[in-house]
Amino acid sequence: MSDSDSDLPLTRSVSAPEPDEYTYEDAHASDPAILSEPASPSMGPSLVPNIFTQLSFSLDSFISQNLEEDLTDLPILANQMYNNLRSDLTKTKHQLRHHVGTTKRQIRHQVDHTASNLKSQIDTSMMIWKKHMKKASVVRFMDKIAFTLGMLECCCTPWVISQYPEWIPFVHTFQASILIVVRYFLYKRKSWHFFLLDMCYFVNVVVILYLYVFPQSQVLLGAVWLLSHGPLAFAIVTWRNSLVLHSLDKVTSVYIHMSPPIALYVVRWLYPDPNYTRFPALKDMPVLPTASSLTYAIALYLTWQVAYYVFVVVRQKEKIKAGKRVTSYTWLLNDPKAGVISKVAHTFGEKYSIITFMGMQLIYTFVTCLFALLSYKYFRLNTVFLVGLFLVSVWNGASYYMEVFSKQYEKQLNKLAEEVSSAVAANQRAHDSAEAAAGNGDKHSSVETQPQKSASAKKDD
């Protein structure tokens, strides 16, 4: 090879680079981080940087292509993940709802079972208690306790009035509350609880409102005085309330009619408060104003009457007609003992009997309130009136003891006489049977001895 031939390739290798090729300097200038080695003019152009450059561009192209594909598939994947998550949440929700429903049903079943067992035990205990309470010895013992407490009440109330009159409003409220609550539960079992919506209970509530809520109201004082000393007090005479000390029902009836006027009597005449700080309505009111007191008393009565007619007579008409509920109206209008009251109420026929009775009761309320005006003005008249009411209740109780109890004792004596007569007759029949059996035995023995005698006679022959 000649020198000229050997120089030719070298000359080509060091010739100026083509525009499309990258040199070491270009790569180093474009990206120093990829090619950190400095350019070496002595070595001339290098092929290694060109390989790395091509590899880098290929990698970038690969990553860009795959990244575009991933970005294209990303909404699909996100939608799939959302649907899967939603499906899992829905499934979990249904499972949780099913678990909660099952647990709730189990708890409800356990509660119902426990309540049923408890109710059964209570019913059993009540049956045993009722059976025990119906024993004659227990009934007599309870009657003795009731009689003793009733007599104690009759003795202690006058003493409290004379010594501690300021206690009377509290004593009235306390005892009335207990007796009315007890009566409600006793009447509820008999479906008689509509009796507690009568006017007497309404007046008791209004009196308590005056004593503790509106003691300064002269309007309310006049109204409650007329209603308590008028129709409420006269009901002891009208409806024959009886002071039967061993009967809680009869004692309650006397108490709710007589205790409110006694409490107001003490507040009006005997309460130790000369400055009227406890009951300001009494100040400067020696006499009740006739017109306004009657107006407010009748208005209060009509308020109760309208409410009673709407909520009891009208709305509970079907239950009352079916016999599921008993009211004082149906009791009085259908009671043969009511006599004149029932006859007058039926003057315009059965259809208007309740309306007629309501009109009669309004007239009765107005007339008795006229007398109550006088009882507020005169101390002696008020005292005699309350004592007379108490004596009437005692007389009615004495009549009950003598008439009702005497009839019961008479029935018991007749029953005892019948039992004695039956025992005597049974003993006589047994004695007669024994004598008849003895007579038949003697006759049979005599018949047997005759053949024996004839046989012995033949043997002797």
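What you see is a predicted model; the values in this text were computed from it and never measured. (Residues numbered from 1 in each chain as written. Predicted model: local features only at pLDDT ≥ 70, side-chain atom pairs only at ≥ 80, totals over all residues. Heavy atoms only, no water.)

Focus on the pattern of salt bridges
Counting across every chain of the model gives one salt bridge. In this structure, R183 and D249 form a salt bridge, with 2.9 Å as the shortest nitrogen-oxygen distance. Residue R183 is found in helix α5 (residues 168-189), and its partner D249 is found in helix α8 (residues 248-270); the two are separated by 66 residues along the sequence. (Salt bridge = Lys/Arg side-chain N within 4 Å of Asp/Glu carboxyl O. Helix = DSSP H or I, 4+ residues; strand = E, 2+ residues; numbered from the N terminus.)

Description of the packing of aromatic side chains
In the structure shown here, the tally under the stated rule is 22 aromatic pairs. Taking the centre distance of 6.1 Å and the plane angle of 20° together, the rings of F170 and F174 count as stacked. With a gap of four residues between them, F170 and F174 both fall in helix α5, about one helical turn apart. F174 gets classed as partly exposed once you look at its relative accessible area, which sits at 48%. Ring centres 6.3 Å apart and planes at 75° place the aromatic pair Y400 and Y401 in the edge-to-face group. Under the relative-accessibility criterion, Y401 is labelled buried at 18%. (Phe/Tyr/Trp six-rings, centres within 6.5 Å; stacked < 30°, edge-to-face > 60°. Buried < 20%, exposed > 50% of the residue type's maximum accessible area, 1.4 Å probe, protein only.)

Some remarks on the nonpolar core
Residues Y210 and L226 are the most contacted members of the largest nonpolar core, which totals 49 residues. Secondary structure elements with two or more residues in this core: α6 (199-212), α7 (218-238), α8, α9 (290-314), α11 (328-333) and α13 (353-377). Not counting chain neighbours up to four residues away, the residues in contact with L226 comprise P231, L288, S293, L294, A297, C369, A372 and L373. Counting residues in hydrophobic clusters, the runner-up holds 12 residues, among them I236, M258, A263 and L389. (Core = buried A, V, L, I, M, F, W, Y, C linked by side-chain atoms within 4.5 Å. Contact = heavy atoms within 4.5 Å.)

A short note on a nonpolar patch on the surface
There is a patch of nonpolar side chains on the surface, built from F170, F174, I178, V182, L186, V205, L209, Y212, V213, F214 and L248 and spanning about 960 Å² of accessible area. Put simply, the parts of the chain that give the nonpolar patch at least two residues each are α5 and α6. It is α5 that provides the largest number of residues to the nonpolar patch, a total of five residues. Considering the arrangement of structural elements, one finds L248 in helix α8. (Patch = residues over 30% accessible without salt bridge, like charges linked within 9 Å, V, L, I, M, F, W, Y side chains within 5 Å. Areas by Shrake-Rupley, 256 points an atom, 1.4 Å probe, with all protein chains shown as cover.)

Comments concerning the UniProt feature "transmembrane region" (unreviewed entry) in the chain
The positions UniProt marks with the feature "transmembrane region" (unreviewed entry) are residues 167-187, 194-213, 219-239, 251-271, 291-314, 352-376 and 382-402. This span, residues 291-314, is 100% helix and 0% strand, and a straight line between its end C-alpha atoms measures 32 Å. Helix makes up 100% of residues 382-402 and strand 0%, and the two end C-alpha atoms of the span are 30 Å apart. (UniProt positions renumbered as here; feature names shortened; annotations may be inferred.)

Details of the layout of surface pockets
Here the second largest pocket is characterised by a volume of approximately 510 Å³. In this structure, the second largest pocket is lined by 18 residues; those nearest its centre are V313, K317, I320, T330 and I354. When contributions to the lining of the second largest pocket are tallied by element, the ones reaching two or more residues are α9, α10 (317-321), α11 and α13. For the lining of the second largest pocket, the element with the highest residue contribution is α9, accounting for five residues. Here the lining of the second largest pocket is built from residues that sort into 10 nonpolar, four polar and four charged. (1 Å grid on protein atoms, 1.4 Å probe; cavity = no way out; pocket = protein on both sides within 12 Å on 5 of 7 lines; lining within 4 Å. Points joined across faces, edges and corners; volume = space filled by probe spheres on them. Nonpolar A, V, L, I, M, F, W, Y, C, P; charged D, E, K, R; others polar.)

Let's talk about the confidence of the model for the chain
Of the residues in the chain, 75% reach a pLDDT of 70 or more, and the chain-wide mean stands at 80. Low pLDDT (under 50) marks residues 1-22, which in the prediction has three contacts with non-local residues, meaning those over four places away or in another chain. Low pLDDT, under 50, characterises residues 455-461; the predicted model gives this stretch zero contacts beyond four residues in sequence or across chains. (pLDDT = per-residue confidence, 0-100.)

A short note on the state of the cysteines
This structure, assessed with the given rule, holds zero disulfides. As a non-bridged cysteine, C154 has C155 as the owner of its nearest cysteine sulfur, 6.7 Å distant. On the basis of relative accessibility, which here comes to 24%, the residue C154 falls in the partly exposed class. The thiol of C156 is not disulfide-bonded; the next cysteine sulfur, from C155, is found 6.6 Å away. (Disulfide = S-S within 2.5 Å.)

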